[in-house]
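What follows is the residue order along each chain.
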Amino acid sequence: MSGAVEAKLAELGLTLPEVVPPIAAYQPAIQSGVYVYTSGQLPMVEGKLPMTGKVGGEVTPEEAKELARTCALNALAAVKSVAGDLDRIARVVKVVGFVASAPDFTGQPAVINGTSELLGEVLGDKGVHARSAVGVAVLPLDAPVEVEIQVELTEA
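Keep in mind that what you see is a predicted model, and the values were worked out from it rather than measured.

Participant: Help me understand the overall build of the protein, please; the structure alone is not making it clear to me.
Facilitator: For the protein, the helix and strand inventory stands at 3 helices and 5 strands. Listed by position from the N terminus, the elements making up the protein come as α-β-β-α-β-α-β-β. In summary, the protein has a C-alpha radius of gyration of 15 Å against a globular reference of 15 Å for 156 residues, a match within 12%. By principal-axis analysis of the C-alpha atoms, the protein measures approximately 45 × 30 × 25 Å.

This is the structure we're talking about:
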């Protein structure tokens, strides 16, 4: 099933990926009432991380921002896996972004803008959200970025 949101993705030259399978004991997304909570989404592309390392070290902030866009696409795929249709998104409520950071890197908000901007491009006003952008020492698989989102759905 695809609708206006997936048409917008196509218009932007983007394709909704397959849901990234869990690498541990969790589900990619769960629904509780009218909310969907995603697990942390890594910037996996066809089952692989395109880059590894610390932002401000091996990975530039610009590269990390692009990876954060990929995390957002993976998060949308996880939402669709439980909601059935991305057109059910009433709004994105919260984004939490984690950036594996070199010790002196302080540009985490600019990196996570990759996620926020993609959600805005795809969902318009429904993509406006509260957000946290946090620097961490290391992420799973040495990923530079990890993102989780919470969305509110309309009734089915």
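Participant: Sorry, what's going on with the packing of helix α1 (residues 4–11) against helix α3 (residues 108–123) here?
Facilitator: The description of two packed helices rests on the angle between their axes and on the distance between the axes. Their axes nearest at 8 Å, the elements α1 and α3 cross at an angle of 115°. For the pair α1 and α3, contact is made by Val5, Lys8 and Leu9 and by Glu121, Val122 and Leu123, respectively.

Participant: For this particular structure, what's the right way to read α1?
Facilitator: Because an α-helix packs 3.6 residues into every turn, residues spaced three or four apart end up facing the same way. Listing the buried residues of α1 in full gives Val5, Glu6 and Leu9. Looking straight down α1, one finds that the buried residues subtend no more than 95° of arc, so they occupy a single side. In this structure, α1 carries Ala4, Ala10 and Glu11 as exposed residues pointing more than 90 degrees from its buried face.

Participant: Help me understand the pairing of strand β2 (residues 35–38) in this model?
Facilitator: Looking along a regular strand, one sees the side chains alternate between the two faces of the sheet. Side-chain alternation along β2 places Val36 and Thr38 on a buried face and Tyr35 and Tyr37 on a face that remains uncovered. As paired strands, strand β1 (residues 29–32) and β2 are joined by 4 bridges and run antiparallel to one another. Bridge pairing links glutamine 31 to valine 36 in β2. In textbook terms, the turn of a hairpin is the stretch between consecutive antiparallel strands, and for β1 and β2 this stretch comprises 2 residues, one of which, glycine 33, has a positive phi near 65°. Taken together, the 3 bridges between β2 and strand β5 (residues 145–153) define a ladder with antiparallel strand orientation. The residue bridging valine 36 from the neighbouring strand is valine 151, located in β5.

Participant: Even after reading the chapter, I still don't get the environment of leucine 73, so can you show me in this structure?
Facilitator: Mapped onto the elements, leucine 73 comes out in helix α2 (residues 61–83). In this structure leucine 73 touches Leu9, Leu14, Thr15, Leu16, Pro17 and Leu118, once residues within four positions along its chain are discounted.

Participant: Any chance you could explain the pattern of salt bridges here in plain terms?
Facilitator: Opposite charge on two side chains permits them to pair, given that their charged atoms come into close proximity. Enumeration according to the criterion identifies 5 salt bridges in this entry. As a salt-bridge pair, aspartate 142 and lysine 54 come within 3.2 Å of each other at their nearest N and O atoms. Of this pair, aspartate 142 sits in the loop between β4 (130–136) and β5 while lysine 54 is found in the loop between β2 and α2, placing the two residues 88 residues apart along the sequence.

Participant: Help me understand the sheet that holds strand β3 (residues 89–100), please; the structure alone is not making it clear to me.
Facilitator: Consider a sheet: its strands pair through backbone hydrogen bonds, and that pairing is either parallel or antiparallel. Within the open sheet, the 5 strands sit side by side as β1-β2-β5-β3-β4. Their pairing is mixed. The open sheet has two edge strands with one neighbour each: β1 and β4. The sheet shows a mean angle of 15° between the axes of neighbouring strands, direction not considered. Lying on the sheet, α2 is in contact with β1, β2, β3 and β5; it crosses β5 at an angle near 40°. Of the strands in this sheet, β3, β4 and β5 are in contact with α3, which crosses β3 at around 155°.

Participant: What's the story with the packing of α2 against α3 in this structure? I'm lost.
Facilitator: Packing of α2 against α3 brings their axes to within 7 Å, and their N-to-C directions diverge by 45°. When the axis of α2 is compared with that of α3, the two are oblique. Every pair of crossing elements has a handedness; the one defined by α2 and α3 is right-handed. Between α2 and α3, the residues in contact are Pro61, Ala64, Lys65, Ala68, Arg69, Ala72, Leu73 and Leu76 and Ala110, Val111, Ile112, Asn113, Gly114, Thr115, Glu117, Leu118, Leu119, Glu121 and Val122, respectively. Tallied by class, the residues present in the contact of α2 with α3 amount to 12 nonpolar, 3 polar and 4 charged.

Calculation criteria
- Residues numbered from 1 in each chain as written.
- Predicted model: local features only at pLDDT ≥ 70, side-chain atom pairs only at ≥ 80, totals over all residues.
- Heavy atoms only, no water.
- Helix = DSSP H or I, 4+ residues; strand = E, 2+ residues; numbered from the N terminus.
- Rg over C-alpha atoms; globule rule 2.2 N^0.38 Å.
- Axes fitted to C-alpha atoms, helices over the stretch in contact; angles between N-to-C directions.
- Contact = heavy atoms within 4.5 Å.
- Buried < 20%, exposed > 50% of the residue type's maximum accessible area, 1.4 Å probe, protein only.
- Arc of directions from axis to C-beta.
- Pairing = 2+ DSSP bridges.
- Salt bridge = Lys/Arg side-chain N within 4 Å of Asp/Glu carboxyl O.
- Parallel < 35°, antiparallel > 145°, perpendicular 65-115°, else oblique.
- Left-handed = near helix turned anticlockwise from the far one by under 90°.
- Nonpolar A, V, L, I, M, F, W, Y, C, P; charged D, E, K, R; others polar.

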